[in-house]
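Each chain, written out:
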Amino acid sequence: MGNAGDSNPDRSRAVTPAAAKQDLNGIRSAFTSPMLAALLSRIFNWSRSGIGPRLLAAVLLFSSIVTLTLTALQLYLDYDREVGVIETRLDEVGRSSTASLGESLWNLDQNQLRLQLDGILRLPSIRAAEVREVADRPNPIRVAVGERGSSSVVTRDYPLTTTVQGTARPIGVLHVEATLSDVYQQLLNRALVILASQAAKTFLVSLFIIYMVHLLVTRHLVAIADFVSKYSLARPPPPLHLERRPPYDPDELDKVIDAFNAMCANLGRAYGELREANANLERDLKIRRRAEEDARASEQRFRDYAETASDWFWETGPDHVFTYISDRAGAFGMDREALIGKRRPDAAFDHDAEAEKWRNHMATLDRHEPFRKFEYRGRDRTGRLHSFSVNGQPVFAEDGRFMGYRGSSTDLTAQHETEERLRQSQKMDAIGQLTGGVAHDFNNVLTVITGTIEIIQEGLADKPELAAIAQLIDDAALRGAEITSQLLTFARRQPLEPREIDVNGLVVETAKLLRPILGEHVEIVTRLADDAWLAMADPSQLSSAIVNLAVNARDAMPDGGTLTLETVNRELDSSGTGDGDAGSYVMVAVADTGHGIPADIRDRVFEPFFTTKGVGRGTGLGLSMVYGFAKQTGGSVAIESEEGHGTVMRLFLPRSAGEAATRTGPVAAPAPARGHETILVVEDDPLVQGYVIAQLGSLGYRTLTASDGATALALVDQGVSFDLLFTDIIMPGGMNGRELAEAVRLRRPGVRVLYTSGYTDNTIVHEGHLDPGVALLPKPYRKADLSQKIREMLAGELPL
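Residues numbered from 1 in each chain as written. Predicted model: local features only at pLDDT ≥ 70, side-chain atom pairs only at ≥ 80, totals over all residues. Heavy atoms only, no water.

Attention now goes to the environment of Tyr76. Relative to the helices and strands, Tyr76 resides in helix H4 (residues 51-106). By relative accessible area, which is 53% here, Tyr76 ends up exposed. Residues Tyr76 and Leu187, 111 residues apart in the sequence, show an inter-C-alpha distance of 8.9 Å. (Helix = DSSP H or I, 4+ residues; strand = E, 2+ residues; numbered from the N terminus. Buried < 20%, exposed > 50% of the residue type's maximum accessible area, 1.4 Å probe, protein only.)

Here we take up empty space enclosed by the protein. Taken as a whole and assessed by the stated rule, the structure comprises two cavities of 30 Å³ or more. There is about 160 Å³ of room inside the largest cavity. For the lining of the largest cavity, the secondary structure elements donating two or more residues are strand E5 (312-316), strand E6 (322-325) and strand E7 (371-379). Top element by residues in the lining of the largest cavity is E7. It accounts for three residues. The residue makeup of the lining of the largest cavity, split by class, is 10 nonpolar, two polar and two charged. In this structure, the second largest cavity encloses a volume near 40 Å³. Here the residues of the lining of the second largest cavity sort into four nonpolar, two polar and one charged. (1 Å grid on protein atoms, 1.4 Å probe; cavity = no way out; pocket = protein on both sides within 12 Å on 5 of 7 lines; lining within 4 Å. Points joined across faces, edges and corners; volume = space filled by probe spheres on them. Nonpolar A, V, L, I, M, F, W, Y, C, P; charged D, E, K, R; others polar.)

By the definition in use, this model includes 21 salt bridges. Here Glu315 and Arg406 are joined by a salt bridge, their closest N and O atoms 3.2 Å apart. Of the two residues, Glu315 sits in strand E5 while Arg406 sits in strand E9 (residues 402-411), which places them 91 residues apart along the sequence. Taking relative accessible area as the criterion, Arg406 reaches 48% and is therefore assigned partly exposed. Across the salt bridge formed by Glu356 and Arg359, the nearest N and O atoms sit 2.6 Å from each other. Separated by three residues within a single helix, Glu356 and Arg359 lie in helix H9 (residues 355-366), roughly one turn from each other. One continuous salt-bridge network, built from bridges that share partners, spans Glu130, Arg132, Arg142, Arg148 and Glu177. (Salt bridge = Lys/Arg side-chain N within 4 Å of Asp/Glu carboxyl O.)

Taking strand neighbours across the sheet as the criterion, the five strands line up as E18-E17-E19-E20-E23 in an open arrangement whose pairing is parallel. Of all strands in the sheet, those bounded by a partner on one side alone are strand E18 (702-706) and strand E23 (776-778). Averaged over all adjacent pairs, the angle separating strand axes in this sheet is 20°, with direction ignored. As paired elements, strand E19 (residues 724-728) and strand E20 (residues 752-757) share five bridges and run parallel to each other. Across the sheet, Thr727 pairs through a bridge with Tyr755, a residue of E20. The strands touched by helix H15 (residues 686-698) are strand E17 (678-682), E18 and E19; relative to E18, the strand with the most contacts, the crossing angle is about 165°. Contacting E17, E19 and E20, helix H17 (residues 737-747) runs over the sheet at an angle of about 155° to E19. (Pairing = 2+ DSSP bridges. Axes fitted to C-alpha atoms, helices over the stretch in contact; angles between N-to-C directions. Contact = heavy atoms within 4.5 Å.)

As a further point, take the sheet that holds E7. Taken in spatial order, the five strands of this open sheet run E6-E5-E9-E8-E7, and their pairing is antiparallel. In this open sheet, the two edge strands, each paired with only one partner strand, are E6 and E7. Put simply, the sheet's adjacent strands are angled 30° from each other on average, direction ignored. Pairing geometry for E7 and strand E8 (residues 385-396), over seven bridges, is antiparallel. Bridging across to E8, Arg377 finds its partner in Ser387. Sheet contacts for H9: E7 and E9; angle to E7, the most-contacted strand, approximately 130°.

Turning to H9, a few remarks are in order. The end-to-end C-alpha separation of H9 is 16 Å, in line with the 16 Å expected for 12 residues at 1.5 Å each. The complete set of buried residues in H9 reads Trp358, His361, Met362, Thr364 and Leu365. Down the axis of H9, the buried set is contained in an arc of 150°. They therefore lie on one face. In H9, the exposed residues that point more than 90 degrees away from the buried face are Arg359 and Asp366. Count one or two residues on from H9 and you reach His368, which has phi positive near 60°. (Expected span 1.5 Å × (residues − 1). Arc of directions from axis to C-beta.)

By secondary structure assignment, the location of Leu188 is in helix H6 (residues 181-229). Along the primary structure Leu188 and Leu75 are separated by 113 residues, whereas in three dimensions their C-alpha atoms are 8.7 Å apart.

With that settled, the discussion passes to the pairing of strand E13 (residues 561-572). Sheet topology places strand E11 (residues 522-528) next to E13; seven bridges connect them, and they run parallel. Bridged to Val525 within E13 is Thr564. Bridge count for E13 against strand E14 (residues 583-592) is 10 bridges, and the pairing is antiparallel. Paired with Leu565 across the bridge in E14 is Val590.

What follows is the structure, given as structure tokens:
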């Protein structure tokens, strides 16, 4: 019973951490108050004014740190000792009181329990005591004295037992609390006393130190600094002496003064010698300065010539071997070290191809004559071909001996490439204008053929032999219309219907169509970008372009191979697609593993009717159609091919801005309908004009005709009545169909206009699609197309 407190497994040294930290922070806050912070700031600012104040500040700071450290250590030791005393007292309470309290609790004597607890409460630092009965019955006994706390306490719980028939039984618990508030107060008072005494002592010692430093050192340093600041070599003052009692032995300051006075004497002697040397040197400097100015002017002239005359310089010896090449050549990819030691013909690519040119050039060098703008081709360190223009001047020694050549070289590669791209673009534009004109006239003829063949077929319905011949004519006319459409696509005169499309989806659908077209010996592989942008293009034209490229790739792989369809997002600069504009594009690449395109015909593959296939195996319009479609869409097309390693054709389609209008699906065309309205037909081709009048008459319409814009306007001014203006776009007489329509609308606002043309130019088509509010019936057209379009216009179904 007496040792119950020692054997309690729950016994602990329970000091609430938050409370202990709070009380210690209270001690520390006394030394970190705003007043002390302001004082330290002032001391710091004052300490920067001289050695003495800085020394004082350093001593105070160091002493304060040492004092605070020792004080904190002492307070910790005192705290540990006081807490140990309290814990010992609590242990003594457990040993001396548990037996008697257990007996009183067993006897249910609450008065005796309270008297015993009051005795415990009178012990020093004891704050509260409590006895709780542990019993399985209602209202167990609980006796408590004092006030229990929640912080800054040390607690103990001791079990209370009684012996029944030789067996110890637990009957209750003794709970005792001791407060630490008195301990913290004592520690705070002790800390204030220690710090106050240490601060006073440190301050006095520091003042004494700073005074002694000033007396023995700093005042003499000020005198030395004043002497040095006023010292003049031209008028040297008397030697420096300090006002101080001389010691028995010279100290450090005396040694400094003696060394300083000796240095001043040496400076005085050296100053005289220097003045004499300066007089001699000044004369030499004037001569040298003039020479340096002449050299700088000469060097600057050379730099100006180097920066403005050419790209880089070179030198050769008497044997025409390079001995020097300037660093500027490296900027163009040339290997300077590899060229030095060689002659110019050794590094030329066209030496064998243009032997006569090189023989004449070498003869010029052997005659030691100057030369200008000699052009040749060579390779850089990566193997890329460059075009160079070379100027050279022979160099002779004073005795007339030939020393070699000096000259400059200019890289003309970029200039030649730009000129070639411009030439190719101009050639393609010229061919496009020519094919557009041819297609216009051809479409006029096809309009008459396709229209009249329908009439013939109707009349030959009961004559199978002649009906078959008529069908052959119809099929030939359709084939001619397809060729004309391809020509118009190349010439960028085909009206497109661009819309916002998912390129990946279109490529997948087109690939399904390609499998039966290409055959089983060609494997189709797709590599589609997961984040491919939407593109702005005509989906049917894009699908036709991919099919054309795939068919060409198949023909390049007669023994089979792999066709790869790929999509990638590309940001291009102005040179990214050869002759395209900078911007955001969706690239569609069609790659094959065929025999490749020879370099000598690579620039001609987009020309219409150019083909390497045998007679009857192709029209030569597939790639030209792809070229025209890409350019009219606002993109471009590029070729990468090497003989024996396949070909890659890349289509660059402009990225959609996300503003495309939602389009509905196609609507089935109604059956040909008759009418009774009057139509003003303006057509310059007599054959087409006659065909249109006949077809409109067969549909029940009345017609007025004119062959040009002036004649049509004359009819309007005469007051003739009509319901629809049906006009060709391209007409003679200086007025096109668009200008005619605008002039008629000025006279008759709200008049309906239907355009027709064998091809479209910038009159009604811009950026690849019809202008808003414009209706077009492209040639060639059949009777059903004419009937449907006429009824749409007369019914008020105007295009938006």
